[in-house]
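Here are the chains, one letter per residue:
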Amino acid sequence: MTDQFQLTEDQLAIQDMARKFTADRITPFAAQWDEDHHYPVDVWKAAGELGFGAIYVSEEMGGIGLGRLEAALIMEAMAYGCPATSAYISIHNMAAWMIDRFGSADLKARFLPRLVSMEQIASYALTEPGSGSDAAALKTTARLDGDHYVLNGTKQFISGSGVNDIYVAMVRTGAEGAKGISCLVIEKDTPGLSFGAPEKKLGWNASPTAQVIFEDCRVPVANRVGAEGDGFKFAMAGLDGGRLNIGACSLGGAQRCLDEAVAYVKDRKQFGQPVADFQNTQFQLADMATELEAARALLYLAAAKVSAGAADRSRFSAMAKRLASDTGSSVVDRALQMFGGYGYLKDYPIERFWRDLRVHRILEGTNEVMRMIVGRDLLRQ
């Protein structure tokens, strides 16, 4: 077998480090975080020390300068313990990467050092109450007033809202449509910035979600990322990586549930024999494992394409996100069925993964939008 289809020694070492960190700092506590709606900021700081707050931020700016496959390996490993925690690391990385990739030297110097170490944690604010899938229709306005923008509007479903220190927000500085959107970095204590009440959610309880509200919020023009009108382009570039990461989180969560199911059916006896001895159980497990490996192979390929800047990277990241998140939910659902009534109890981890992975088919672009991206790309040929 050629090395082309194997992880390199460096990649295996990164994966191993992320797995050990997860086993030590995440897996034993994840059920309690879910129960208590606890946001494990102390764990972020520890992850920051390993470089997980700046996975694809350049080494020059203090990041670890890795590719998208390495990022996916880290997200997948961490989601084995808690998908909500892993997905949050992805969001922080997307925000830090955007500043590193498109920001001025001044902006990078002001914000990146504390984001890289996760001394400060970042949120990403694109979605609004009236613009979800149609992100380019966003309404939050940023009116130029001297050397500041004056912001008015509301962002919806923002992870870390009200808790995090930095908000990388897409706002309208110009005309309607994608070309009128710019990207600003906003600090939590900015006057005119406030936050809605935490949303009560089905899952992802270890990560708070709330509205971000701008009321005559004054943000320095110096906090703009890149040129005016380029924000939507940055948002879309960030989402290629975000989609890979959320797909990787689904793979990690599903792998955990498959492993739990394998252990459970060997132990559980019905009709005088272990449930594992029934051919139906073996066939189900075989399908779950096969589908998971297929989704993983596509995701790793897409990650390599995004790292390489391949022309078809957006199509592949959309394909991979759609397949991994659909497969992840399906694998977890079948694992829950194997546990029978016990799978429905909070004493076992399966139901938490069932709840947490469901949202992966909605965020970073719904799976319907993923199909739209792939379909349009095919017809453009």
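Residues numbered from 1 in each chain as written. Predicted model: local features only at pLDDT ≥ 70, side-chain atom pairs only at ≥ 80, totals over all residues. Heavy atoms only, no water.

Asks: So what's going on with the overall build of the protein? Which residues, and what values?
Replies: Across its full length, the protein holds 11 helices and 10 strands. Its C-alpha atoms give the protein a radius of gyration of 21 Å, near enough to 21 Å, the size a compact globule of 381 residues would have. When its C-alpha atoms are laid out on the principal axes, the protein stretches across 80 × 45 × 40 Å. When burial is assessed residue by residue, the protein has 53% of its 381 residues classed as buried. Pairs at least 24 apart in sequence give 73% of the contacts found in the protein among residues at least 6 apart. Of the accessible surface of the protein, which amounts to about 16,700 Å², a share of 53% is contributed by carbon and sulfur atoms. Of the side-chain charges in the protein, 40 are positive and 47 negative, and the distance between the mean point of each set is 4 Å. (Helix = DSSP H or I, 4+ residues; strand = E, 2+ residues; numbered from the N terminus. Rg over C-alpha atoms; globule rule 2.2 N^0.38 Å. Buried < 20%, exposed > 50% of the residue type's maximum accessible area, 1.4 Å probe, protein only. Contact = heavy atoms within 4.5 Å. Areas by Shrake-Rupley, 256 points an atom, 1.4 Å probe, with all protein chains shown as cover. Lys, Arg positive; Asp, Glu negative; His and termini not counted. Charge placed at Lys NZ, Arg CZ, Asp CG, Glu CD.)

Asks: Describe in detail helix α10 (residues 350–358), supporting the description with residues and values.
Replies: Taking burial as the measure, the 9 residues of α10 include 7 buried ones, the bulk of the element. Of all the residues in α10, the buried ones are I350, E351, R352, F353, R355, D356 and L357. Buried-residue contacts for α10 involve α2 (30–36), α4 (68–79), α5 (83–102), α7 (231–267) and α9 (313–338).

Asks: Go over the packing of α4 against helix α8 (residues 279–308) with me, naming the residues and quoting the values.
Replies: Between two packed helices, both the angle of their axes relative to each other and the distance between the axes serve to describe the pair. Between α4 and α8, whose axes approach to 7 Å, the crossing angle comes to 140 degrees. Overall, the two elements α4 and α8 adopt an arrangement that is oblique. Residues R68, L69, A72, L73 and E76 of α4 touch α8, and the partners they reach there are R296, L299, Y300, A303, V306 and S307. Tallied by class, the residues present in the contact of α4 with α8 amount to 7 nonpolar, 1 polar and 3 charged. (Axes fitted to C-alpha atoms, helices over the stretch in contact; angles between N-to-C directions. Parallel < 35°, antiparallel > 145°, perpendicular 65-115°, else oblique. Nonpolar A, V, L, I, M, F, W, Y, C, P; charged D, E, K, R; others polar.)

Asks: I'd like to hear about the pattern of salt bridges, residue by residue, with values.
Replies: A full pass over the atoms with the stated rule returns 19 salt bridges. A salt bridge links E260 to R256; the shortest N-O distance between them is 2.8 Å. In this pair, E260 and R256 are both assigned in helix α7, 4 residues apart and thus about one turn of the helix distant. The class of R256 is buried, set by a relative accessible area of 9%. (Salt bridge = Lys/Arg side-chain N within 4 Å of Asp/Glu carboxyl O.)

Asks: A description of the pairing of strand β1 (residues 122–125) should follow, citing residues and the corresponding values.
Replies: Here β1 shows a buried face lined by A122 and Y124 and a second buried face lined by S123 and A125. Note: β1 against strand β4 (residues 166–172), 4 bridges, orientation parallel. Within β4, the position partnered with A122 by the bridge is I166. (Pairing = 2+ DSSP bridges.)

Asks: Outline the environment of T209, supporting the account with residue identities and numerical values.
Replies: For T209, the position within the fold is in strand β7 (residues 209–220). The sequence separation of T209 and G160 amounts to 49 residues, and the corresponding C-alpha distance is 5.8 Å. Excluding its chain neighbours within four sequence positions, the residues that come into contact with T209 are F157, I158, S159, A197, P198, E199 and K201. Side-chain polar atoms of T209 contact the side chain of K201, separated by 3.0 Å. (Polar contact = N/O pair within 3.5 Å; in protein donor to acceptor, adjacent residues only side chain to side chain.)

Asks: Tell me about the packing of aromatic side chains, and please be specific about residues and values.
Replies: A complete count under the given rule lists 13 aromatic pairs for this structure. Both rings, one in W44 and one in Y88, keep their centres 5.6 Å apart while their planes meet at 45 degrees; by these two values the pair is tilted. Residue W44 is located in helix α3 (residues 41–49), and its partner Y88 is located in helix α5; the two are separated by 44 residues in the primary sequence. Between Y264 and F339 the ring centres are 4.1 Å apart and the planes differ by 15 degrees, which places this aromatic pair in the stacked class. In this pair, Y264 sits in helix α7 while F339 sits in the loop between α9 and α10, placing the two residues 75 residues apart along the sequence. One aromatic cluster is present, built from ring pairs that chain together Y264, F339, Y342 and Y348. In this structure, R68 is placed above the aromatic ring of Y56, and the distance from its NZ or CZ to the ring centre is 3.6 Å. Lying over the aromatic face of W97, R68 brings its terminal NZ or CZ to 4.9 Å of the ring centre. (Phe/Tyr/Trp six-rings, centres within 6.5 Å; stacked < 30°, edge-to-face > 60°. Lys NZ or Arg CZ within 6 Å of the ring centre and 35° of its normal.)

Asks: Just give me the short version of the environment of E364, but keep the residues and values in it.
Replies: Mapped onto the secondary structure, E364 falls in the loop between α10 and α11 (367–379). Sequence separation between E364 and M78 is 286 residues, and the spatial gap between their C-alpha atoms is 18 Å.

Asks: How would you summarise the pairing of β7 if you had to cite specific residues and measurements?
Replies: Here strand β3 (residues 148–159) pairs with β7 via 10 bridges, running antiparallel. Its bridge partner lying in β7, N152 is registered against E215. Sheet topology note: the strand β6 (residues 193–195)/β7 ladder contains 3 bridges and is antiparallel. When the bridges of β7 are listed, F195 appears paired with V212.

Asks: Would you mind going over the side chain of D34 in detail, with residue names and values included?
Replies: Its place among the elements puts D34 in helix α2. Owing to a relative accessible area of 6%, D34 belongs among the buried residues under this scheme. Filtering out sequence-adjacent residues up to four positions away, D34 remains in contact with N205, R352 and R355.

Asks: Which residues make up the nonpolar core, and what are the values?
Replies: It is characteristic of soluble globular proteins that their nonpolar side chains tend to be buried jointly. Residues M98, Y124, M170 and L299 are the most contacted members of the largest nonpolar core, which totals 98 residues. The element contributing the most residues to this core is α7, with 15 residues. Beyond its immediate stretch of four places on either side in the chain, M98 contacts G103, Y124, V168, M170, C183, V225, F234, A235 and G238. Counting residues in hydrophobic clusters, the runner-up holds 15 residues, among them A169, I186, V212 and V219. (Core = buried A, V, L, I, M, F, W, Y, C linked by side-chain atoms within 4.5 Å.)

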